[in-house]
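Structure assessment
These are the residues of each chain, in order.
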Amino acid sequence: MQHGFIKVAAAIPPVSVADCSSNTVQIENIMAQASGMGAEILCLPELAITAYTCQDLFQQQLLLEQSEQALLSLIEFSRGLDVITLVGVPIAWNHSLLNCAAVIQHGRIHALVPKTFLPNYKEFYEARWFTSANNLPDDCHIHFCGQTVPVTSKILFSTGRCTFGIELCEDLWAPVPPSSALALAGADIIFNLSASNELVGKTAYLESLIETQSARLVAGYVYASCGFGESTQDVVFSGHALIYENGRRLAAAPRHTCKPQLVCTEIDVEALRAERRMRTTYAACYAAQGMPNFHVVTLDARPAADPLELTRFVDPHPFLPQGPKLAERCEDILSIQAEALARRVQHTHAKTVIIGISGGLDSTLALLVAVRAFDLLGLSRRGIVGITMPGFGTTGRTYTNALHLMETLGITTRDINIADAVTLHFRDIGHDASVHDLTYENSQARERTQVLMDAAGQTGGFVVGTGDMSELALGWATYNGDHMSMYGVNASIPKTLVRHLVEYEARRNEDEHARQTLLDIVATPISPELLPPSEDGEKILQVTEDLVGPYELHDFFLYHTLRHAFRPSKVYFLACRAFCAPQGTGAYTTDVVLKWLRTFYQRFFSQQFKRSCLPDGPKVGSCSLSPRGDWRMPTDATVADWLKDLDSLGTEAPQA
């Protein structure tokens, strides 16, 4: 299992009603295509061999015999293919008829999975022909297609790379779908062979069902519903081929087409399993349900492609939603931050909040949140005290932006130059001010924190921290300097998102002067401004991303380390797919990705001591580094094995 990815396919062949021979040809063509695309498991629609709309023809002996002969042909056709094929077929059993999914591979039929819930309302009347899986004995086997095979809905299939289960159409619509038990019993992926007719508005509802069920189960969900060629006597089948993973749609085929449809992509089983392990409720639910015994069938695993040919999209900015959702997400995050800060102001009866305003992104975001919080509480913005503290590295650009921003937002402004105080401190500890080392930088950061803390005491308020989650991950903060505050509103905001939040506020600000100031702050290079600027005092020479690496890379690394607990080699693989040419953005070469990934792990492990004593701050997304929340890690853990995993990698981009 290369990096845990399983390639799956959903297909919709055109059908001819009750013409099993014609349908078999269409299915064989799709099986060959799916196998050629490297699919490990192929899902076809419900009753694809006969067509779903045969009605009382299902009671005809000829159709049942022809469908068995057609399945025999497909079994023989599968002999030379590695793909596991799930195809719908009617099965006669004990004076009854079952609506089944046949699981075939390498010239064998491994099992028949009957439908549990039969729709018998409105346009559906399946109970006229079929019986439910609930009517079967626990250990039911039948002789079919020359083999004795299990017939049960309580069955799982294992390839060694993944475990999957099957439900059919209406099963998904039930209050308690069979897929719930299948997933709790170990199924990583659910396949649904379906025949869902088209109605106005039904598609959106159907997709919400699949999205929700895949998210609830933390599973892959592959859905194939019949399309062109089904009878249009009373209803229309437009065809749905959908692939989801944990609530996220990975692939979909167009509807309302006469052509065969085949979608193929990869489901990250490793990510699903990691998520389930983190959600301890999952195991607790399994124990509480008293799960029945599931029969497990072992199938042959398709030989893994080397290198892995990944076709699914890898988002280079996983913390950022795409398109119109970005504005909605920004508004939600800012509202969460503002509500959190408002509650802290109310609870502490604070007269003021104190924020150090540098003219950079993080302090700007903290100030914007404070303004929202005070507006929410109906308090005067004059209770927000913004203090700009120019020092040895402050440029004219950031200093001017800090003053303009505070002025346009109508807060209380204080301007305290720290140069003299820091120079005196250098004299006291015997430090040469011409030596621009760590002491030179940290003294400024700690002096600023002292000013803020004492100003809070002066005014009956508290200090609002400005540091973001990316800085905390890398330890890019001075311990007990900018690292410390009374409440950190940006603690779970990654740097890539900070920029978008500030830009969002700029776009919606009606004050043109404020808007232009915010946009200039967005355009300013990220820097702590602790080292002297250019001779004219205008150009920042200490650029953070030149020193620790691009934040968009570090945020990508952070997301997949925290959210999915991936090993470094997989994070590298995904990063190359996202950022390196020809498949990704082309922003970085593979050796650059590897260089900064090593830096990430080295800093992430070594800087945990700063995260272990973080002040309070609100969690706003799926990831946080709070020692009271998402992340508890020993401060003396060793990074050795993580770096060894990277040592085994070359710098050539993996095929993706």
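Above this text you will find the structure in question.
We now turn to the structure provided with this report. (Residues numbered from 1 in each chain as written. Predicted model: local features only at pLDDT ≥ 70, side-chain atom pairs only at ≥ 80, totals over all residues. Heavy atoms only, no water.)

Quick notes on unusual backbone geometry
The peptide bond linking Ala581 to Pro582 adopts the cis configuration, its omega dihedral lying at 5°. Here Pro582 lies in the loop between helix 18 (568–579) and helix 19 (590–606). Although it is not a glycine, His3 adopts a positive phi angle of roughly 60°. Among the secondary structure elements, His3 is positioned in the segment before strand 1 (5–12). The backbone of Asn246 sits at a positive phi, close to 50°, despite the residue not being glycine. Mapped onto the fold, Asn246 is located in the loop between strand 12 (240–245) and strand 13 (248–252). (Helix = DSSP H or I, 4+ residues; strand = E, 2+ residues; numbered from the N terminus.)

So, the pairing of strand 6 (residues 141–144)
Residues Ile142 and Phe144 of strand 6 are buried on one face, while the alternating residues His141 and His143, pointing to the opposite face, are not. When strand 6 meets strand 7 (residues 147–150), the two strands line up antiparallel, connected through four bridges. When the bridges of strand 7 are listed, Phe144 appears paired with Gln147. Hairpin connection from strand 6 to strand 7: two residues lie between these consecutive antiparallel strands, with Cys145 at a positive phi of about 55°. (Buried < 20%, exposed > 50% of the residue type's maximum accessible area, 1.4 Å probe, protein only. Pairing = 2+ DSSP bridges.)

Focus on helix 1 (residues 20–36)
Counted at 1.5 Å a residue, the expected span for helix 1 with its 17 residues is 24 Å, and the 24 Å between its end C-alpha atoms agrees. Among the residues of helix 1, Cys20, Asn23, Thr24, Ile27, Glu28, Ile30, Met31, Ala34 and Ser35 are the ones counted as buried. (Expected span 1.5 Å × (residues − 1).)

Quick look at the state of the cysteines
Scanning all chains against the criterion turns up zero disulfides. Here Cys226 is not disulfide-linked; the sulfur of Cys169 is the nearest cysteine sulfur, at 7.8 Å. Cys623 supplies the cysteine sulfur nearest to Cys330, a cysteine that is in no disulfide, at a spacing of 17 Å. (Disulfide = S-S within 2.5 Å.)

Here we look at the nonpolar core
The nonpolar side chains of soluble globular proteins are, as a tendency, buried together. Core analysis: the largest hydrophobic core is formed by 92 residues, its most contacted members being Leu341, Leu367, Ile384, Phe557, Tyr601 and Phe604. The element contributing the most residues to this core is helix 9 (residues 361–377), with ten residues. Contacts of Phe557, omitting those with residues within four sequence positions, involve Val571, Ala575, Val593, Trp596, Leu597 and Phe600. Core analysis: the second largest hydrophobic core is formed by 54 residues, Leu184, Val222, Ala253 and Val269 among them. (Core = buried A, V, L, I, M, F, W, Y, C linked by side-chain atoms within 4.5 Å. Contact = heavy atoms within 4.5 Å.)

Points about the sheet that holds strand 5 (residues 108–114)
A sheet is described by the order of its strands in space; here six strands give the open sequence 5-4-3-2-1-14, paired in mixed fashion. Edge positions in the sheet fall to strand 5 and strand 14 (261–268), since each of these pairs with one other strand and no more. Averaged over all pairs of adjacent strands, the angle between their axes in this sheet comes to 35°, without regard to strand direction. Two elements, strand 4 (residues 96–105) and strand 5, share six bridges in a ladder whose sense is antiparallel. Of the residues in strand 5, the one forming a bridge with Ala101 is Val113. Helix 1 rests against strand 1, strand 2 (41–43), strand 3 (84–93), strand 4 and strand 14 of the sheet, and its axis sits at about 40° to strand 14. (Axes fitted to C-alpha atoms, helices over the stretch in contact; angles between N-to-C directions.)

Some details on the packing of aromatic side chains
Under the definition given, this model contains 23 aromatic pairs. Arranged with centres 5.3 Å apart and planes meeting at 80°, the rings of Phe164 and Phe191 form a pair that is edge-to-face. Taken together, the positions of Phe164 in strand 9 (residues 163–168) and Phe191 in strand 10 (residues 189–194) put the pair 27 residues apart, joining distant regions of the chain. Taken individually, Phe164 and Phe191 each receive the classification buried, so the pair is uniform in this respect. Among the aromatic residues, those joined into a ring-pair cluster are Phe557, Phe600, Tyr601, Phe604, Phe605, Trp631 and Trp642. Over the aromatic face of Tyr551 sits the side chain of Lys495, whose NZ or CZ is 5.1 Å from the ring centroid. The lysine or arginine in question, Lys570, covers the ring of Phe5, its NZ or CZ lying 4.7 Å from the ring centre. (Phe/Tyr/Trp six-rings, centres within 6.5 Å; stacked < 30°, edge-to-face > 60°. Lys NZ or Arg CZ within 6 Å of the ring centre and 35° of its normal.)

Side note on the packing of helix 8 (residues 325–348) against helix 9
Two numbers describe how helix 8 lies on helix 9: the axes approach to 8 Å, and their chain directions differ by 65°. By crossing handedness, the relation of helix 8 to helix 9 is classed as right-handed. Across the interface between the two elements, Glu331, Leu334, Ser335, Gln337, Ala338, Glu339, Leu341, Ala342 and Val345 of helix 8 pack against Leu365, Val369, Ala370, Arg372, Ala373, Phe374, Leu376 and Leu377 of helix 9. For the contact of helix 8 with helix 9, a count of residues per class yields twelve nonpolar, two polar and three charged. (Left-handed = near helix turned anticlockwise from the far one by under 90°. Nonpolar A, V, L, I, M, F, W, Y, C, P; charged D, E, K, R; others polar.)

Here's the deal with the environment of Leu474
Mapped onto the fold, Leu474 is located in helix 13 (residues 469–474). In this structure Leu474 comes out as buried when scored by relative accessible area, which is 1%. Spatially, the C-alpha atom of Leu474 lies 44 Å from that of Cys43, the residues being 431 residues apart in sequence.

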